[in-house]
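# Observations on chain architecture
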Amino acid sequence: MTQGVPLREIKVPVTRIEGHGLITVELNRAGKVSRARFHVTEGRGFERFCRGRTLWEMPALTARICGICPVSHLLCSAKAGDAILAVRPPRAADKLRRLMNLGQYVQSHALSFFHLSSPDLLLGWDSDPKTRNVFGLAAADPQLALNGIRLRAYGQEIISSLGERRVHPAWAVPGGVRAPLTAEARDRLAAKLPEAMRIAQDALALYEKSVPGWAEEVRSFGDFPSLFMSLVGEDGAWEHHGGRIRFVDADRAIVADGLDPARYPEYIGEAVEGWSYLKFPYFQEAGYPDGLYRVGPLARLNCCDRIGTPLADEALARFRATADGKAVTSSFHYHYARLIEIVAALERIGLYLEDPEILSPRVRAEAGVNEQEGVGVHEAPRGTLFHHYWVNEDGVLERVNLIVSTGHNNLAMNRTVTQIAHHYLDGQKITEGLLNRLEGGIRAYDPCLSCSVHAAGQMPLRVVLLGPDGEILDEVVRAA
Amino acid sequence: MPKVRVASVWFSGCSGCHMSFLDLDERLLELATKVEFVYSPIVDIKEYPDDVDVLLVEGAIGNSEQRHLLTEMRRKTKILVAFGDCAVTGNVPSLRNPILREEVLRTVYGEGEVPGLEEGEVPQLLPQALPLHAIVTVDRFLPGCPPPADRIWVFLQGLLAGKRPELTGADLRFG
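Cut-off values and rules
Residues numbered from 1 in each chain as written. Chains lettered and ligands numbered in written order. Predicted model: local features only at pLDDT ≥ 70, side-chain atom pairs only at ≥ 80, totals over all residues. Helix = DSSP H or I, 4+ residues; strand = E, 2+ residues; numbered from the N terminus. Rg over C-alpha atoms; globule rule 2.2 N^0.38 Å. Contact = placed C-beta atoms within 7 Å. Expected span 1.5 Å × (residues − 1). Buried ≥ 20, exposed ≤ 12 C-beta atoms within 10 Å, placed from the backbone. pLDDT = per-residue confidence, 0-100. Nonpolar A, V, L, I, M, F, W, Y, C, P; charged D, E, K, R; others polar. Pairing = 2+ DSSP bridges. Axes fitted to C-alpha atoms, helices over the stretch in contact; angles between N-to-C directions. Core = buried A, V, L, I, M, F, W, Y, C linked by C-beta atoms within 7 Å. Arc of directions from axis to C-beta. Left-handed = near helix turned anticlockwise from the far one by under 90°. Parallel < 35°, antiparallel > 145°, perpendicular 65-115°, else oblique.

## A few points about the overall build of chain B
Assigned secondary structure in chain B consists of six helices and seven strands. Taken from N to C terminus, the helices and strands of chain B fall in the order β-α-α-β-β-β-α-β-α-α-β-β-α. Here the C-alpha atoms of chain B give a radius of gyration of 17 Å, agreeing with the 16 Å that 2.2 N^0.38 yields for 175 residues. When the backbone C-alpha atoms are referred to their principal axes, chain B occupies close to 55 × 35 × 30 Å. Relative to all contacts within chain B whose residues are 6 or more apart in sequence, the contacts with residues 24 or more apart total 80%.

## Comments concerning the overall build of chain A
A count of helical and extended segments in chain A gives 14 helices and 15 strands. The contacts in chain A between residues at least 6 apart in sequence include a share of 75% that link residues at least 24 apart.

## Re helix H13 (residues 410-425) of chain A
All names here are of chain A. With 16 residues, H13 ought to run about 22 Å at 1.5 Å a step, and its terminal C-alpha atoms sit 21 Å apart, in line with that. Among the 16 residues in H13, 14 count as buried, and that is most of the element. At the C-terminal side of H13, Gly427 shows a positive phi close to 65°.

## Some details on unusual backbone geometry
Residue and element names in this part refer to chain A. Along the chain, Tyr288 connects to Pro289 via a cis peptide bond; the corresponding omega equals 0°. Positive phi, normally seen in glycine, also occurs at Arg252, with a value near 65°. Topologically, Arg252 is positioned in the loop between strand E6 (244-248) and strand E7 (254-259). One non-glycine residue, Asp446, lies in positive phi territory at about 50°. As for its position among the elements, Asp446 is in the loop between helix H14 (432-444) and strand E14 (462-466). For Asp446, a count of 28 C-beta atoms within 10 Å corresponds to the buried category.

## With respect to the confidence of the model for chain A
Residues and elements named next belong to chain A. When pLDDT is averaged along chain A, the result is 88; 87% of the residues meet or exceed 70. Across residues 1-11, confidence stays below pLDDT 50; counting only partners more than four residues off in sequence or on other chains, it has 28 contacts. Predicted confidence is poor over residues 475-480, with pLDDT under 50, and the contacts of this stretch with residues over four places away or in other chains come to 19 contacts.

## Topic: the interface of chain A and chain B
Each partner contributes to the interface: chain A provides 50 residues, whereas chain B provides 56 residues. Going through the elements one at a time, helix H1 (46-49), helix H5 (134-140) and helix H6 (142-163) of chain A are the ones with two or more residues in the side of chain A that touches chain B. Across the side of chain A that touches chain B, the residue classes break down as 21 nonpolar, 16 polar and 13 charged.

## Some details on the sheet that holds strand E11 (residues 373-380) of chain A
The strands making up a sheet associate through hydrogen bonds between their backbones, and the pairing can be parallel or antiparallel. Residue and element names in this part refer to chain A. Read from one edge of the open sheet, three strands run E11-E12-E13, paired in antiparallel fashion. One side of each edge strand has no neighbouring strand; the edge strands of this open sheet are E11 and strand E13 (397-403). Each strand axis lies, on average, 15° off the axis of its neighbour in the sheet, ignoring direction. Note: E11 against strand E12 (residues 383-391), eight bridges, orientation antiparallel.

## Focus: the pairing of E7(A)
With three bridges connecting them, E6(A) and E7(A) associate as antiparallel partners. Along E7(A), the bridge assignment pairs Ile245(A) with Leu259(A).

## A look at the nonpolar core
One recurring pattern in soluble globular proteins is that nonpolar side chains are buried together. Of all hydrophobic cores here, the largest spans 179 residues; its most connected members are Val106(A), Ala200(A), Ile340(A) and Val57(B). Sorting elements by how many residues they give to this core places helix H4 (residues 91-123) of chain A first, with 13 residues. In this structure, Val104(B), Leu105(B), Val108(B) and Leu125(B) belong to the second largest nonpolar core, which totals six residues.

## Observations concerning the sheet that holds strand E1 (residues 4-10) of chain B
All names here are of chain B. Ordered by their spatial adjacency, five strands build an open sheet running E2-E1-E3-E5-E7, and the pairing between neighbours is parallel. Unpaired on one side and paired on the other, strand E2 (35-39) and strand E7 (140-142) mark the two borders of the sheet. Across this sheet, the average inter-strand angle for adjacent strands is 30°, counted without regard to direction. In the sheet, E1 pairs with strand E3 (residues 52-58) via five bridges, with the strands oriented parallel. Bridge pairing links Trp10 to Glu58 in E3.

## Topic: the confidence of the model for chain B
Of the residues in chain B, 100% reach a pLDDT of 70 or more, and the chain-wide mean stands at 92. Reported confidence for the predicted complex is 0.93 by ipTM and 0.92 by pTM.

## So, helix H10 (residues 310-321) of chain A
All names here are of chain A. A rise of 1.5 Å per residue sets the reference length of H10, with its 12 residues, at 16 Å; its end C-alpha atoms lie 17 Å apart and thus fit the reference within 8%. Burial in H10 covers these residues: Ala312, Ala315, Leu316 and Phe319. One side of H10 carries all its buried residues, which in axial view fall inside an arc of 105°. Among the exposed residues of H10, those pointing more than 90 degrees away from its buried face are Pro310, Ala317, Arg318 and Ala321.

## Focus on the packing of H4(A) against helix H11 (residues 334-354) of chain A
All names here are of chain A. The interhelical angle for the contact between H4 and H11, taken along N-to-C directions, is 145°, at an axis separation of 9 Å. When the axes of H4 and H11 are compared, the crossing they make is left-handed. Two secondary-structure elements touch here, H4 through Lys95, Leu99, Leu102, Tyr105, Val106, His109, Ala110, Ser112, Phe113 and Ser117 and H11 through His335, Arg338, Leu339, Glu341, Ile342, Ala345, Leu346, Arg348, Ile349 and Tyr352. Considered class by class, the residues forming the contact of H4 with H11 number 12 nonpolar, four polar and four charged.

## Some remarks on the packing of helix H7 (residues 183-210) of chain A against H11(A)
The relative placement of two packed helices comes down to the angle between their axes together with the axis-to-axis distance. Residues and elements named next belong to chain A. One can describe the packing of H7 onto H11 by two numbers: an axis separation of 9 Å at closest approach and a directional angle of 155°. As the angle between them shows, H7 and H11 are arranged roughly antiparallel. Seen from above, H7 lies across H11 with left-handed handedness. On the side of H7, the interface is formed by Arg186, Leu189, Ala190, Leu193, Ala196, Met197, Ala200, Gln201, Ala203, Leu204 and Tyr207, while H11 contributes His335, Tyr336, Leu339, Ile340, Ile342, Val343, Leu346, Ile349, Gly350 and Leu353.

## Examining the environment of Lys34(B)
Residues and elements named next belong to chain B. By the element assignment, Lys34 lies in helix H2 (residues 27-34). Taking the number of C-beta atoms within 10 Å as the measure of exposure, Lys34 has 13 and is therefore partly exposed. With 31 residues separating them along the chain, Lys34 and Lys3 place their C-alpha atoms 5.4 Å apart. With sequence-adjacent residues up to four places away left out, Lys34 is seen in contact with Lys3, Val4 and Leu160.

## Digging into the environment of Gly433(A)
All names here are of chain A. Locating Gly433 in the fold gives a position in helix H14. Looking at Gly433, the number of C-beta atoms within 10 Å reads 16, which means it is partly exposed. Separated by 11 residues in the primary sequence, Gly433 and Ala444 place their C-alpha atoms 16 Å from one another. With residues near it in sequence (within four places) discarded, Gly433 still touches Trp125 and Asp126.

Listed below in structure tokens is the structure:
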């Protein structure tokens, strides 16, 4: 701290995202932003304390990494278990796992759009922070808020219909799943599907109608060329629970394709910075930090050749037209991609519910420990998830590596915060609404900092404006 | 009747208890007619206010910042609820407790610069993840991993009626 400089601090706990973090923005002598960083401020150490647990416990245990997308960890862990058992789950089990994951896409994406981000999008970034939340949304537009609640509830009902509970179902296991779907549950879900689809399509139409009004945010919320990574099917189609890894660049040209997910250490490196509990994965060929890539809904839509269902493919064509067929590079459009993925998920849910095999009772391959190492990979709502286990002959975990979806986006979130700070804070009088845009840039990624394994908890995303000598400048505290 | 001032926070947990709270679905809108959410991860008020009637705390206490915040919040809160198993018992975050903090962090982050080992740009990891009652007085315990939405509803209905919520049978289960 410099002597004589009044200490003033900006604290912006970032709410309406999942986890704990801090943004620091540093200014140079001219009052311009020199650096902005996004820190994750809590860790739980799953990769250490899972050692000594058994393979069979891992799906339920790792589900506790995240209560927002527990299904991702449940399914990814079960897949790593499949590899260690050296079995292929029965076809019906694969379909049921996919059905549950699609239900999760619906609930998690609905949460992100309606409960967490729509207060910014629809009430406005500069609106009163006291009511800029889902309850304020309910007061301003009761039907929209109710729609969000009902769409999320539909996704949760798919999960509980299979796994008996909405959060942390103990259902997927190495080799398959514990219980099949009943005809009653299938019929109930099928009856409610049309309402969910109507809500999803209305939300997508609302976004497309409103997006011209967000032009400045679209340009500044993390709009930069980068690589994108996701799973794609063997035929290049949108994929969420199988397939192989593809990287594309900002022109949507394929940089790497057909990569074996089990060999991820050959193309993904992980860097550590002392200022964040969240690690920094990067594309190895480009090195750190140039190997920045993005994952999640935006990346999945940029990477795939097509989605494979009619309504979603029509929406994908409109999405791509906004970028002349190249990759959509603004992270603001994670929101857009998320809404398209809800439609895609609901279309596929409809197909599964019509598939007679979905009721098959053959849902589990029984086997013991046949391999001592296994990798599970999966597209969580927020992006590609890796579980990598090493076990002894009894199936006791000796080593664990997890790369969580939000981690892949760590470099991109930092770059986004920097871009927003440059755009909105350089030489400006700092207002609450401008700071909310910093948060909004993070919210676009729908980061799951619970998921960040090394990160969890309440998210006081504190924004500190540091002067050139490290002194803390200015103070804008949001009034309670 | 003035609205009941309700707050919620999540510390070292997975946010599953908050998701289960959102699983109240349409009942959330009914709840909003009776309570005001004065502080929560799902609203935008950044400073913990004075005079909170009910605080739901999800998660164990895993780092120095959380310990500090919990103590501050306790001071400003009438009824503090340990919300879910991590807050009640330490649960999954406390699985690291038999292991030395440095070993936990070195295993996860390697031999170089490691976050959380010392107090720094991110808060220091505590040697052990603790349940709330190890640090502050807890008024009510709501178990579950997470507590199902129906259990949360019964519990809140009791609290809002000014009664001591009586959880019985299956509603007293952990897990």
